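Summary of the model geometry
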Amino acid sequence: MSASANKVSSPVDLRNVVLVGSSGSGKTTLFDNLLAARIPGHRPAKDDTERAAALTLASVSSGDVVINLLDAPGHPDFVGELRAGLRAADAALFVVSAADGVDNATAALWRECKAVKMPCAIVVTKLDVERGDYTSAVEQCRQVLGEGIVPAYLPLTDGGGEIVGNMSLVTQNVHEYCGGQSSTRPASQEEAEQIAAYRGDFLEGVITESEDDSLMERYLEGEELAVDQVRRDLLVSMSRATLFPVIPVQVSNAVGTEELLRLVENGFPTPAEKAMPTITTVDGTDLVEIGCDPDGPLVAQVIRTTSDPYAGRQSMVRIYSGTLRTDDVVHVAGHREVFTGTEDAHHPGHEEDEKIGPLAFPVGLELKTKDVAISGDIVLVAKLSHAETSDTLSAKDSPALVEPWMQPEPLLPTALKPATRNDEDKLAGALARLVVEDTTVRLERTVEADQELLWTMGTAHTDLLLGRLNDRYGVKVTTEPVKVAMRETFIAPAKAHGRHVKQSGGHGQYAVCDIEIAPRERGAGFAFVDKVVGGAVPRQFIPSVEKGVRAQMERGTVYGFPMVDVQVTLHDGKAHSVDSSDMAFQSAGAQALKEAATEQNVALLEPVDEVEVRVADEYLGAVMTDLSNRRGQVLGTDTDGAGQSILRALVPVAELERYAVDLRGLARGSGSFRRSPHGYELVPPQLAQKLLDRA
Ligand SMILES: Nc1nc2c(ncn2[C@@H]2O[C@H](COP(=O)(O)OP(=O)(O)OP(=O)(O)O)[C@@H](O)[C@H]2O)c(=O)[nH]1
Ligand SMILES: [Mg+2]
């Protein structure tokens, strides 16, 4: 079958390639350049906020293969889309702008690729911009990104410094571009010298990383190596993600697109060569051995989901094994808890059978339908209603589970307030939909403050989601400051006399209790001590006093926040043989606590989180200063020995609301952090009012 109709009969004829690089490095421009080189009349898609935030798929036939190109957003808010793209693809084109250099954001993206051992070729863009220089871009890549980076092509410039082609270190030929067409010719004397200056490094890298000992011997003896042999070793070393060939491109005149497409065709791993993700039985107990075989049992995964009010739902699906056919009934399973160990309220475990709707693949802007997609392919499936992002589709008779990719933790909270009653009614349903689609969003309904918090990756992500709420679901919301769940506690011992006496007419109520209150250590909780002697408070009413005290602690005293960390000792009281009751002693206990509390002996507590910040070494000082301005208390620092510092600190939650945004600015994109609840700490008196206003 011909690849041009995207009817591929073997996984070896497929290449799945994701474009990775920092925002503005030129990925989308290159994506369109590569498509335009093979799709006559290709026009770029409208670049709106949805397009810029989404992993976008396009299929293109090139030579004997079909390339599924994925354009991933570079903005750190959308790293979830990038991770989905890294899961779907078998190799990456890592785009670096020569004009902007290798910054922290680029280094962070490189770590993303490294974390999943992604085979990468590095594409250098923006060589036409002032300061854009190939050699220094390569040098920077080596310094910042690490070992194994070697140019495979050099740019060819004309007399005016314009890039008009490239020189291949593989073939030692020159590719010259004219009007978007490239022609190949042997290198001139001068060009050959330039090639020779870089070729040694390139060949040594390729041969070393491919561990081709016999070739190394022949190379060291000065033998001229066959181009095919070099290509084969390049593929091996690139597939191992230990060697990263570099290639320059010039989008304005399409320089490099042909070589890049050929490199993908001949030098990039096929789906059959890529290691499988972890696949288990549906209950996660046994590993399932799966190969990339179109005749094997179906195992596929939903990479991303979009819903459109008109077109309905569309799922991007990567097939690992077997063949997916329109109208097939498949098993859908999602069980994150199997891999994380905890139930995820937003993505509850589920299993259903579902019929596969029409399959499609985008050729540029145009969607083309097909009936069959084989292992190794990426397709769009219309109208799946049960399968959510990261769920597994598998054969009904041998259901399986593919481990979801690592999700980043959303750390920026926004409190949402529906604009009208009508919006309030629609909000919950709309949010639930957004959350199952986008696995980097979390919802939290706070109990005390009764706020709806939307946790996202950053402000651009929040804006995107609020835009979707409005555009897709017609729900309007405003935002408000996030409230902090405060506590109160006794900071000095106190005594109180609680009296609940009502004896006018009928059945009376009589209870008197004397308590002593003592502060306890942070986190020690509540303790109730019974020191009643001589039956001053009858046995059966002692738990009543405790119950009353606890109820008042829940309601709070001076500030109205739940009280924690106190010891209450009941040492005396009075009862009446007829009028005393459980209720009366509960009231007396509650009242005693309330009466003991004054502004002098009760203080506010605020929640504190333990925070772990990872940041490039050079920003450690700035991060520490900033944390101390946030009233943070550094617990310790460490280094990973690879340029990253790790810092642990206790920081008040009130100071962390915007930390996701601020850290990124402070550490120029090099920072990330995690947080977990630590406990409560006393609020400095001078800050109490400010915090009360926010609670
Ligand atoms: N001069 C010049 N401009 C370029 C080149 N490549 C891209 N650009 C421009 O740089 C800008 C950003 O390019 P995009 O392709 O949108 O960048 P991106 O990597 O997709 O960015 P994100 O989608 O935000 O991650 C656009 O205005 C492009 O026209 C290049 O090689 N030379
Ligand atoms: Mg883009």
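So, here's what we can say about the structure. (Residues numbered from 1 in each chain as written. Chains lettered and ligands numbered in written order. Predicted model: local features only at pLDDT ≥ 70, side-chain atom pairs only at ≥ 80, totals over all residues.)

So, the sheet that holds strand E11 (residues 244–248)
- Strand order across the open sheet formed by 7 strands is E2-E3-E1-E4-E5-E11-E6, with mixed pairing between neighbours. Only two strands of the sheet have a single neighbouring strand rather than two, namely strand E2 (56–62) and strand E6 (149–151). Strand after strand, the sheet turns through a mean of 30° between neighbouring axes, direction not considered.
- Pairing geometry for strand E4 (residues 91–97) and strand E5 (residues 120–125), over 6 bridges, is parallel. (Pairing = 2+ DSSP bridges. Helix = DSSP H or I, 4+ residues; strand = E, 2+ residues; numbered from the N terminus. Axes fitted to C-alpha atoms, helices over the stretch in contact; angles between N-to-C directions.)

A look at the sheet that holds strand E29 (residues 494–502)
- Here 4 strands make up an open sheet; going across it, the order is E29-E30-E32-E31 and the pairing mixed. Unpaired on one side and paired on the other, E29 and strand E31 (527–530) mark the two borders of the sheet. Averaged over all pairs of adjacent strands, the angle between their axes in this sheet comes to 25°, without regard to strand direction.
- Pairing analysis gives 8 bridges linking strand E30 (residues 509–519) to strand E32 (residues 566–574), with the strands arranged antiparallel. Its bridge partner being in E32, isoleucine 515 is matched across the sheet by leucine 570.
- Packed on one face of the sheet, helix H14 (residues 582–596) meets E29 and E30 and runs near 140° to E29. (Contact = placed C-beta atoms within 7 Å.)

Side note on unusual backbone geometry
- In this structure, lysine 126 is a non-glycine residue whose phi angle is positive, near 55°.
- Turning to its location among the elements, lysine 126 is positioned in the loop between E5 and helix H5 (134–145).
- Even without glycine at this site, aspartate 327 takes up a positive phi of about 75°.
- Mapping aspartate 327 onto the fold places it in the loop between strand E15 (323–325) and strand E16 (329–334).
- With 9 C-beta atoms packed within 10 Å, aspartate 327 lands in the exposed category. (Buried ≥ 20, exposed ≤ 12 C-beta atoms within 10 Å, placed from the backbone.)

Thoughts on helix H11 (residues 421–437)
- Between the first and last C-alpha of H11 there are 25 Å, a value that for 17 residues agrees with the 24 Å anticipated at 1.5 Å per step.
- Maximum bend of H11: about 40°, positioned at leucine 427.
- The complete set of buried residues in H11 reads Asp423, Leu427, Leu431 and Val435.
- Looking at the packing, one finds that the buried side of H11 touches strand E24 (412–418), strand E25 (442–445) and strand E27 (477–480). (Expected span 1.5 Å × (residues − 1). Bend = angle between axes of the 7 residues up to and from the residue.)

Here's the deal with the site of ligand 1
- Lining the immediate environment of ligand 1, one finds 17 residues, of which Gly26, Lys27, Thr28, Thr29 and Gly74 sit closest.
- In terms of residue count, the dominant contributor to the shell around ligand 1 is helix H1 (residues 27–36) (3 residues).
- When its residues are assigned to classes, the shell around ligand 1 shows 4 nonpolar, 10 polar and 3 charged. (Near = placed C-beta within 6 Å. Nonpolar A, V, L, I, M, F, W, Y, C, P; charged D, E, K, R; others polar.)

As for the nonpolar core
- Of all hydrophobic cores here, the largest spans 184 residues; its most connected members are Val17, Ala92, Phe94, Ile122, Val123 and Val317.
- Per-element tally for this core: the top contributor is strand E33 (residues 602–616), with 8 residues.
- In this structure, alanine 92 is in contact with Val17, Val18, Val20, Cys113, Met118 and Cys120, ignoring residues within four places of it in sequence. (Core = buried A, V, L, I, M, F, W, Y, C linked by C-beta atoms within 7 Å.)

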